[in-house]
Every structure is written in structure tokens, then in C-alpha cells.
Amino acid sequence: MEEEEIMWKLDSNSVESATIGRVMSTLLSSRPRKLQEAIFRFGSNPHQTSGLNEVRVADLRVRYISSSDESLWFLNKYVTDAVEKKDSLDQILVPMIESSLKYRGRKHSNQPMIILNWLFQEKLLCKALVTSLATMISRKEDRYIALGWCTLVRELLEVEITMTQPTKNGVSENYYALLEILCACIPRLTVIMCDGSGLQDGSELPTRLSVAAADCFLALTEALTRKTLLSKVPSRNNASNSVVALSRIAENKVEPVTTSSEASNNVELDWLLWDHLDELIVLVQKLVAWNRKSRPLYAKGLEQVLKWLEEIKSHYGNFPDEADKKILKTGVLLLSSCWKHYSRLLHLEDHKISQHYKDLLEQYLSGIQFYTENCTEKRTENGDTTGIETRKFFLNCLSLLLGRFDQQQFDRIMLEYGIEISNALLSQFHSADEDVIEGSFSIFKAAVFKANYSSSQSRSTGTSMMDSVVPSLLDLLNERNVTSKAVVMLVAEYCFINTDGHCLQEILKLLDSPNALQRTNAVDVVRELIRISSDSVHVLSNSMWQDVAKRLLERLADEEPEIRSNTSNLLPMIDPSLIFPSLVHLFYSSDERVCLSASDALIAVLKYHSEKHEVIFMLLDSLSNLTQSLDIPDSSRDKGQGGSMLDFDKVRMLIAEWSKSVKDWKLLIEPLIDKMLAEPSNANIVKFLSHISEHLADNADIVFSRVLLHMKGQELDKSFFARPDSRTCTSNDSDAFTRSLFDRLCPLLIIRLLPLRVFNHLQSRVLYGQCNEVLLHASKNGDIDMNRHDCVATLLMNRAFGKFEFEDVRKLAAELCGRFHPKVLFPIISSQLEHAAESQDILKIKACLFCICTSLVVRGWDPKFCNVLLKVRNSIEKVLLWRSLEGDEVSKAQHGCIDCLALMICAEVQTPESIRNSSTSENIGKMCSRSPTLNYVISQLMHGKHEFMSPPKLNSKTYISESSFPLPFRICMANTLISACQKISDIGREPFAQMTLPHLVHSIEVVRDQEIRAACIQVVFSVVYHVKSAVLPFAPDILEVALKSLREGSEKEKMAGAKLMASLMASEDPILECISEGLLEARSLLSVMSSTDPSPDLRQLCKKLLVCLTSP
């Protein structure tokens, strides 16, 4: 029996569900008028119609219900029973939700509202239905149900003004309770709205559900303010009254006239809205994000509303005390009063507002005009500004209204109201309030620039609108304030779209204004114009840019520092070709103020175009052109043999700043190298490259590759040389000669700019190729085959050792060869020098010696190459043994040999080991062994042959044996030591003195040849003169040498001794103190010789020395 009852209940529920489904389908598919008539009949006599009283409910459940009257009766019964039993009402509400979503926006589709309005006539049913509806949004996770729910609730909230009914209005009578229950859904709507956003192309876009949730949110909060909603939109004639009403709202002076019960409900609704202030802020934030890209003016209005909401919260939201409750009530009332107008403008889907936009537009414009004309901006006692907040309110509403229209609607509005809107907004530019100016500017900008005039009439209307207000806008540029900033952006945008350039010319005229504020604002307009142009596919005409560039360059001489600085920052954004020649000329101006501004501008331009080689070319070309100009100030010239040229040191600072901004030098180096190769006589390019040599070194392979390619394509015209051995140019074509010379010098000058470290990369194929191959294929006569060795090194060697070459090119090539790594240089150069000495090729000998000297100077001494340098020394010895005449080519080559030996000595002496061992005399022997060249030279000077020189005993008078080496050769050795004295560095003086003076002093005692002794005395003189204090330990012995040579020597020895005496007497105080006792003897000797010596020159010199000794 129990099982039968359970089965009966289950079957009963199934039947009942099917029946209510049919009932809802019948009602929702009925025509609205028939449905309302059925409801009217049901309300007139609920116990009548079709004998429904006599029919059991069970019978209705099992038979088909076809009429609206039967369906209404069953629905009423079903809902009443469900409410009593507290059963779910979803079977009633879900069909309504689906119907609202399915027929949304269609005419005659408000059946769900008619049914709910009928059911809401009973308060108990109304509360139950609304409560079930409110909980459904949280209970149901179905997005389709949520979308329909938002649609149904919005229709329900707006039914009061969209539905006229002949029956009792259940929604209206229970509207307060309905709002109170549905307000609990606001947090859930906020979550749906936030979760429904997505990013597309960097912009946040809403989904269909989030849009519906936002509109439902707005409808709900708007309903909370509907107590003071204007029942009818005011006409044009009643606009002034509407303005007063709206203004009192914005200023918090609303005093609605209601009954006591209505007033109580209104207050509670106000507090309900206040309680959801945080959700309102989130809502507006989302609306801003969704509209920022697609509707900028609308988004700007939303931003102002958002700012106002945050200010309301900040100003009124922190009054917990009872004493401050009155202030809080003010904020609550202000929020409710203004939100009722904002909310109706914020709906994302609302097509009805376009039906009465004119009335709203006229209200807002009238309000702006009224409060601009009748209220000042004076502050009241509580700190508020009378009328300012009202104007902000109207401007916000105007932004929201205009910003929501599409392009076609907007054009139509502007065609009708454009002049009126622009005049109303222009008056706001005089305000001192930033928000007023910003809001006015946003609307004005959209009104003038957003309108896409399609016809010639409307296009002329838009142009004339702006033309009519331009003079007024320019007048606002007389000050520096918030207004001028807004006008600057507005005028700049108009200048950009104004094709005739009239507006731009007016701005350029202001750049010459005597009013500094006007000039400053004009510069700001140009800056904004440049920014707009850079962001647009449309560009200004070239003539316009030329005018702008010319006027800006003139502002570099402005008396106002701010204008000069702003101008310097603007110039980089203009085409460099329009400014560089004049800018470089100003850079060399005699006016220091102009020069400094031009310098800042040049640096800014170079940094802005840091990796564009064309800009660097413009700089170099401008410098070259200016060099040839006759207008260069004298103070900027460097006068020399080459004529007047620019002071490139000024440019060095520019290059240093610019180079810091370059990130990829590979983009610049190749074009710069190519430019120099194309203009080999341009000295400015050489100087420029010298200032970026480190960056060139970092990309040395690129440099070498370009140079190698250029050098391989060069051919030397041998007609420049009369005979192969003369190397003198006889061509009458001096221009061709000069071009050829510079063309061959240019690649070498580029290589010369590179620091030494680039020559250390032995693995660089473009520089050295395969080093072993270079050595292996050096032919028997010492020539290098350039065709077989495709690298820079072989080309340089051929330039240095070739038979036909310009002398300047040969010298520079030899110098560059001297920078090669010793592993490459010395094996080849020793072979070349050896062959040249055998064949007596003077030019090649000099080139080889120059290579070796350069290497010794830039790299110093390396003991690993002693054997190779020994081979070099042997070749030098051969050359020094040649007979020569003063001034001939052989003597020049021998001078080169002497300098080479001297540098070898300096390099050996200046090694760290020699310097460390120079502190004690016991190490002199070791020092001599580490300086084989010095040992060789001294040995040849003293003995005429090479033998190891041990430290001599200075008191020994054993005469040394001398070989048959010719005297000139031995004199060359003395000259080598003298040359070494002149070239020795400070750190090498002490070891040099210790390694040479003992041998020299000793040799003077024991050498028999007078010429050699005189030469040795001359060397000692040079040591004392150049090495200075390092001779202190040997000063007494040196003085003794000088005295002995004066007493016993030949005429040459006496003259050399007198000079030695003079050098000692001119030495530092410690040396004078050391030889003070010997100076007494010297005084007597000089006194005798000054009167008795047969040589007049010697007597004269002795008299001078005697005066120095006897003078106080």
C-alpha cells in the first residue's frame, strides 16, 4: 500500500511538471492583449469561468489545458500551493527566463512581465517569486540561464515605465520590496561582470553575458533612485526649469516632495545604493576598460564619473560617529541624486535614449550656459566652489551622451548642434578648474575632429566651425595655465588636419612674438604637432616642415632658457636633412648662448638617430661644407699649412655623447668606412673615425674586410714616376697625382686609427691569413705574393716594400707593418732586411728599419725574438760598414740603422727585469747580459769588435786591443748611444746609466785612439745631460774624466771635456754636492785654460764656466 502511494506521488509529480510546462508554454505564447484580457477576467471573478470549481485538480492534470483562462487558474493554484509548501518555483521562472532571452528586443514579447505583474498582486506570492528569482542567479551555474536572468530582471525593473496595464499593477505596488530583495544580487552580478572580460589586441572586451550583467546592475541601481526621476523628459521650453532641477541635484540641494511613507522608503533606497558604492566603482572601472579604445569620448566621461565616485567615497565614507551622520546623509543623497542621471547614460544596450537625445542635449547645454553666466568660481565657507561641481556634472553627462553615438549619429548631431556645442565649451576654457577644462577639451576635440563630414555642406560647416573659434583659442595662449595646455593640444591637432596651413602659420608667427609666454606655448603646439604627425600615416607637406624647422632653429637664440631647451629637444623629431646645415653653422656661432643650445640640439639629434648612418653623413657633410664657407668665425678656426679648418675638438664632445647611445655598431661601421674610402681627402671623416676607434676595433674584421676589398681593386699609375729608381713624380696632372695619393693613403689611414690590440688576433684570416703560409711563401728575394695571400698584412707589406709607391704611402705602410704581432713581423722583416742589405736596396732598407722601430716603440722588447733581432743587427752592421757621404741616401739609411739600434737598446733596458736589477752594482753583469744590443754597441765602440763586456774596474789602466773596424763604424756606435740617451724613458734612465757609464769611463782611460776617446766623452756628456740624477753614483768619476780631458786631451777631447764640465755644473743639487771638492780643482784648471789654451772657442767656453763657478 505504501509503495502504491509512493508510485502515485511520483506519477503525480511527473504529471504536474508536464502540466505546468504546458501551462507556461500556453501563457507565454499567448498574444499580450489576450493574456491581459484573461487576467482581467480572472481578477474580476476568480471563482467563475468554465466550471473550474467543479473540476478536480487531478482532472486538470490529466487532460490537456488549452485556454488561457484555465492556464491562469492552474498557474495561480500551482504557485499558491508551492508557496505554502515552500517548493521550488524554478518551473515557473525558468520558462519566463528562456522566453525573455528568446524574444528579447521584439515587439509584443512582454508576456513574462504581464504574468509576473499579475502574480505580484498578491504580496505573499510576490515575495516568494522574487526571492526564488534572486537566489537563482547564484544557484544556477548555467551561463544561458544567467544571461536570460539578467534580461528578465532588467525588463522587470523597467516594466513600470514600459508597460501600460488595465489591471492592478503588482510590480508597482511591490516595487520597494522587489528592489530590496534583488539588491542582494549585486555582488553576484559584479562577479559575473568581472569574470566575463577578455583581452583582444591589448584591449579588454566584454562578453555578451558581462554586458547583460552590467546593464542589469545599472537597471537595478537606477531603480533605487527612481523616486526623484523626472516623469517626463522636459521640452525645450521647459529646459530652464530642468536645468535648475539638475543643478540642485549636482549641488546636493535636492528636496523631493513626497508623502511620509514614500519619504521613508526613499531614504532606505538611498542607503541601499550607498551600501553598494564599492560595486558601483568596480562597475564604472569595467565600463572604462571596455570603452577606452572603441569610444574614447564616452570613456573620458566614464573616467570623470569614476573620479567623482571615488571622491564621494573618500569625502563622505569615513564618518562613523553619530555626530557626523548628517554629513554622511548628505553624501548618500548626493550619490542617489546624481546616479539616477548617470546610470541612464551608462547602459551598454539602450536604444531608447536616441529617441529623446535632443531634449537631454539641450538640457545639458542650457545647464552649462546657465551656470557659466550666473555663477562665479568663488569658494564658499566650506571650501566648495559654487557652480563648479554643477558644470562638471553637466559636462560629464554631455560626454556620456555624445560619446555613446556611432559615427553617423554623431555627424548628424554635430551638423545641427555643432556651433552651439563649441560656443558652450569655449566658455569653459576660461575656468580655473582642471576637471572642467579637461572635460570641455575632450568634448570639443571630439566635436571638431571626430565628425566625419560626408557632404560638402557639412564639411564646410565643420571647417568653418573651427575657423571661427581659432582666434579665440589663440588668445588663450597668452598665459601658461591649465587652459593653455588644453588649447595647445587642440590647436596642434587642427594644424595637422588643416591642409592649407593657415593655422600653422599663425602658430609660427607666435614663435616670433615679443611675449615669452606666447612663444613658449607656440613651441608646445609644435611639439604636439610633431607627436601627432609621428603617430599618423598622414604627414605634413615638406614646405610646412621646412617652415617649422626654420622657425625652431631661430628659437635656439631665444633669450628664454626654457624655450631654448624645449627647442633643442624638439629638433631631433624633425627630418635631419632640414636642420643639419643650419644647426652645424649655429654650433660654431660666436654667440656662446646659441652655440650651447645648438650643441644640446645636435647631441639630441644624434642620439635620436643613433644608428642611422645617413644622419652621421649629414653631420660630416655639413662640417665639410662649413669648412669651405667664408663665414666661419675666426675663433673657430685652426690655422696652419692646410689653411682654415674647423676646430674639431668641439665635435669630439658630440661624438662622445652620441657613441654612448649606439647599440649596434655593425650597422654604422661599414657605411662609415665606405664613405671615407669614397672621400679620401676629407679630413673630417678621419677625425670622426679617430674618436670611435675603440668601437672600430670591436668590429675590426668588418673594417679590415672593407679596406682589403678596396685595396685589392686599386691600381697605381706608374706614369707618375719618371724612373723606377727615382720615385719622383713628373706628371703634369697634379690633380690626378693628388687623387691617386689620397686614394692609396686612405685605407692605410683607416687602419692607423685602430688601436694596437686589433693586431694581436693571429687567427684573423682577413688580417693575417694563415701566418705559416705567409712565412712559407715568402720568396727567395724576400717579396710577398699578394695574390696568393689574400689578407691585409700582405697588402701592407707590398705597399711598404714595393718598387713603385708614393713615399708617404710607403712610410705609412711601413709604420702599420710595425704594429703586426712580432710572430708575424720579425721573421718576415728580418728576411726582407737581409735581402735588401745584400742587394743594397736603400728604400726597402729604410722601410724595414721603420717597421722594426715602430714595433720596438709600440710593443717593446720580447726576449723570445732575440735570435731574430740578432739577424737584424747583422744586417744593420753591413749597412753601417758602407761608405757614405753626408746627405746621400746611404747616410740616411745609416741614420736609420743608428736609430734602430738605439731603440733596441731602450727596449732592452726598459724591461721589468732590468729595472728591478738596477738597484745594486752586483747586478750590472746580469743587466748587461739581458741587453745584448747595448753590450754589442759598447763593445764595438771600445774594441771595434763584439765581445761580452764584463763590469770594468774603473782604476784599471790596461789598454784594450782594437780591431781593424773602420773609424766611421765605431763613431756610429757612439752616435747610437747618444741617440739612446735621447730616447730613453724615465724608468729606463737608472739601468741605462749603470750599464753604460762604467764602461765609458773606463774606455776613456784605456782607449788609445783620440777620436774614439773624444766620442766616448761626448757620449758621457749626453748621458749626464739626458739621464740627469741617475748619474749620481758616477759623478766623481765623470768629473775626473772631464778634468783629465781638459788637462791632457786633444783639442776635440778638451772641447768635449768642457761641455761635460758644463753639464755637471748644471746638474741637480745632489750631484753638485757630490762633486763639490773636485770643483775647486776645476776652478783652477779653468782659470789657466781660459787664458792659455790655443783654441779661442775653448778659451771662451772656459771663461763662461769660470764665471759660473766664481759668481755668488
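Note that this is a predicted model, so its numbers are computed, not measured.

Thresholds applied
- Residues numbered from 1 in each chain as written.
- Predicted model: local features only at pLDDT ≥ 70, side-chain atom pairs only at ≥ 80, totals over all residues.
- Heavy atoms only, no water.
- Helix = DSSP H or I, 4+ residues; strand = E, 2+ residues; numbered from the N terminus.
- Buried < 20%, exposed > 50% of the residue type's maximum accessible area, 1.4 Å probe, protein only.
- Contact = heavy atoms within 4.5 Å.
- Areas by Shrake-Rupley, 256 points an atom, 1.4 Å probe, with all protein chains shown as cover.
- pLDDT = per-residue confidence, 0-100.
- Axes fitted to C-alpha atoms, helices over the stretch in contact; angles between N-to-C directions.
- Parallel < 35°, antiparallel > 145°, perpendicular 65-115°, else oblique.
- Left-handed = near helix turned anticlockwise from the far one by under 90°.
- Nonpolar A, V, L, I, M, F, W, Y, C, P; charged D, E, K, R; others polar.
- Phe/Tyr/Trp six-rings, centres within 6.5 Å; stacked < 30°, edge-to-face > 60°.
- Lys NZ or Arg CZ within 6 Å of the ring centre and 35° of its normal.
- Disulfide = S-S within 2.5 Å.
- Core = buried A, V, L, I, M, F, W, Y, C linked by side-chain atoms within 4.5 Å.
- Pairing = 2+ DSSP bridges.
- Salt bridge = Lys/Arg side-chain N within 4 Å of Asp/Glu carboxyl O.
- Expected span 1.5 Å × (residues − 1).
- Arc of directions from axis to C-beta.
- Polar contact = N/O pair within 3.5 Å; in protein donor to acceptor, adjacent residues only side chain to side chain.

**Q** Got a sec to walk through the overall build of the protein chain? Specific residues and values, please.
**A** What the protein chain contains, in helices and strands, is 55 helices and four strands. Buried residues in the protein chain amount to 52% of all 1112 residues. Nonlocal contacts in the protein chain, meaning residues at least 24 apart in sequence, comprise 73% of its contacts between residues at least 6 apart. A total accessible area of about 51700 Å² is found for the protein chain, and carbon and sulfur atoms account for 50% of it.

**Q** Kindly report on the confidence of the model for the protein chain, identifying the contributing residues and their values.
**A** For the protein chain, the mean per-residue pLDDT works out to 80, and 79% of the residues sit at or above 70. Ignoring residues within four places in sequence, the model shows residues 46-64, a span with pLDDT below 50, making 22 contacts including any to other chains. Low pLDDT, under 50, characterises residues 161-165; the stretch is placed with nine contacts to residues that sit more than four places away or in other chains.

**Q** Go over the packing of helix 19 (residues 388-403) against helix 20 (residues 407-426), please, and point to the residues and values.
**A** In contact at an axis separation of 13 Å, helix 19 and helix 20 are set at 160° when each is read in the N-to-C sense. As far as their axial angle goes, helix 20 and helix 19 are roughly antiparallel. Judged by the twist between their axes, the crossing of helix 19 over helix 20 is left-handed. Contacts between helix 19 and helix 20 involve Leu395, Leu398 and Leu402 from the first element and Phe410, Ile413, Ile421 and Leu425 from the second. Taken together, the residues of the contact of helix 19 with helix 20 sort by class into seven nonpolar, no polar and no charged.

**Q** Account for the packing of aromatic side chains, naming residues and giving values.
**A** Applying the stated criterion to the full structure yields 15 aromatic pairs. For the pair Phe587 and Tyr588, a centre-to-centre distance of 5.1 Å together with 80° between the ring planes defines the contact as edge-to-face. For the pair Phe587 and Tyr588, a shared accessibility class is recorded, and that class is buried. Measuring from centroid to centroid gives 5.6 Å for Trp658 and Phe688, while their planes differ by 40°, and the two rings are tilted. Separated by 30 residues along the polypeptide, Trp658 in helix 31 (residues 649-661) and Phe688 in helix 33 (residues 683-690) bring together distant segments of the chain. Judged by its relative accessible area of 0%, Trp658 is buried. Taken together through their ring pairs, the aromatic side chains of Trp308, Tyr342, Phe393 and Phe394 make up a single cluster. Of note, Arg873 hangs over the ring of Tyr936, and the distance from its end group to the ring centre comes to 4.4 Å.

**Q** An account of the state of the cysteines is requested, with residue identities and associated values reported.
**A** One pass over the structure, following the stated rule, counts zero disulfides. Cys397 takes part in no disulfide bond, and the closest cysteine sulfur to it belongs to Cys338, at a distance of 8.0 Å. Note on Cys397: relative accessible area 0%, which makes it buried. Of all cysteine sulfurs in the structure, the one in Cys897 sits closest to Cys972, which takes part in no disulfide; the separation is 8.6 Å.

**Q** Just give me the short version of the nonpolar core, but keep the residues and values in it.
**A** Core analysis: the biggest nonpolar cluster contains 350 residues, and Leu75, Trp149 and Trp339 have the highest contact counts within it. Broken down by element, the residue count for this core peaks at 13 residues, all from helix 44 (residues 889-909). In this structure, Trp149 is in contact with Ile97, Leu133, Ala134, Met136, Ile137, Cys185, Leu189 and Cys216, ignoring residues within four places of it in sequence.

**Q** Can you break down the pairing of strand 1 (residues 197-200) residue by residue, with the values?
**A** Across four bridges, the pairing between strand 1 and strand 2 (residues 203-206) is antiparallel. Paired with Gly198 across the strands is Leu205, a residue of strand 2. As consecutive antiparallel partners, strand 1 and strand 2 are separated by two residues, and within that stretch Asp201 has a phi angle of approximately 55°, a positive value.

**Q** Outline the pattern of salt bridges, listing residues and values.
**A** For the structure on display, the rule yields 51 salt bridges. A salt bridge links Glu204 to Lys286, with the shortest nitrogen-to-oxygen separation between them at 2.5 Å. In this pair, Glu204 sits in strand 2 while Lys286 sits in helix 15 (residues 277-291), placing the two residues 82 residues apart along the sequence. The network of salt bridges with common partners includes Lys307, Glu389, Lys392, Asp433 and Asp435.

**Q** Describe the environment of Gly818, listing the residues and the values that go with them.
**A** Mapped onto the secondary structure, Gly818 falls in the loop between helix 40 (807-817) and helix 41 (822-839). Judged by relative accessible area, which is 0%, Gly818 ranks as buried. Between the alpha carbons of Gly818 and Thr854 there is a distance of 4.9 Å; along the sequence they are 36 residues apart. If sequence neighbours within four positions are ignored, Gly818 has contacts with Leu825, Cys851, Thr854, Ser855 and Val858.

**Q** Residue-level account of helix 26 (residues 542-554), with values.
**A** Helix length check: helix 26 (13 residues) gives 19 Å between terminal C-alpha atoms against 18 Å at 1.5 Å per residue, within 8%. Of all the positions in helix 26, only Met544, Trp545, Val548, Ala549, Leu552 and Leu553 are classed as buried. Along helix 26, the residues classed as buried sweep out an arc of 160° about the axis, all on the same side. In this fold, the buried residues of helix 26 make contact with helix 24 (502-510), helix 25 (516-534), helix 27 (561-570) and helix 28 (576-587).

**Q** Tell me about the side chain of Arg519, and please be specific about residues and values.
**A** Here Arg519 lies in helix 25. At 2.8 Å, the side chain of Arg519 forms a polar contact with the side chain of Asp558. Discounting chain neighbours no more than four positions away, the residues touching Arg519 are Leu510, Leu511, Asp512, Ser513, Pro514, Arg555, Asp558, Glu559, Glu560 and Ile563.

**Q** An account of unusual backbone geometry is requested, with residue identities and associated values reported.
**A** One non-glycine residue with positive phi stands out, namely Gln840, at about 55°. Note on placement: Gln840 falls in the loop between helix 41 and helix 42 (842-859). You will see that Lys1028, though not glycine, has its phi angle at about 60°, which is positive. Here Lys1028 is to be found in the loop between helix 50 (1010-1027) and helix 51 (1035-1048).

**Q** Could you give an account of the side chain of Arg1013, with specific residues and numbers?
**A** Relative to the helices and strands, Arg1013 resides in helix 50. Discounting residues that sit within four places of it in the chain, Arg1013 has contacts with Ile1004, Val1007, Arg1008 and Glu1053.

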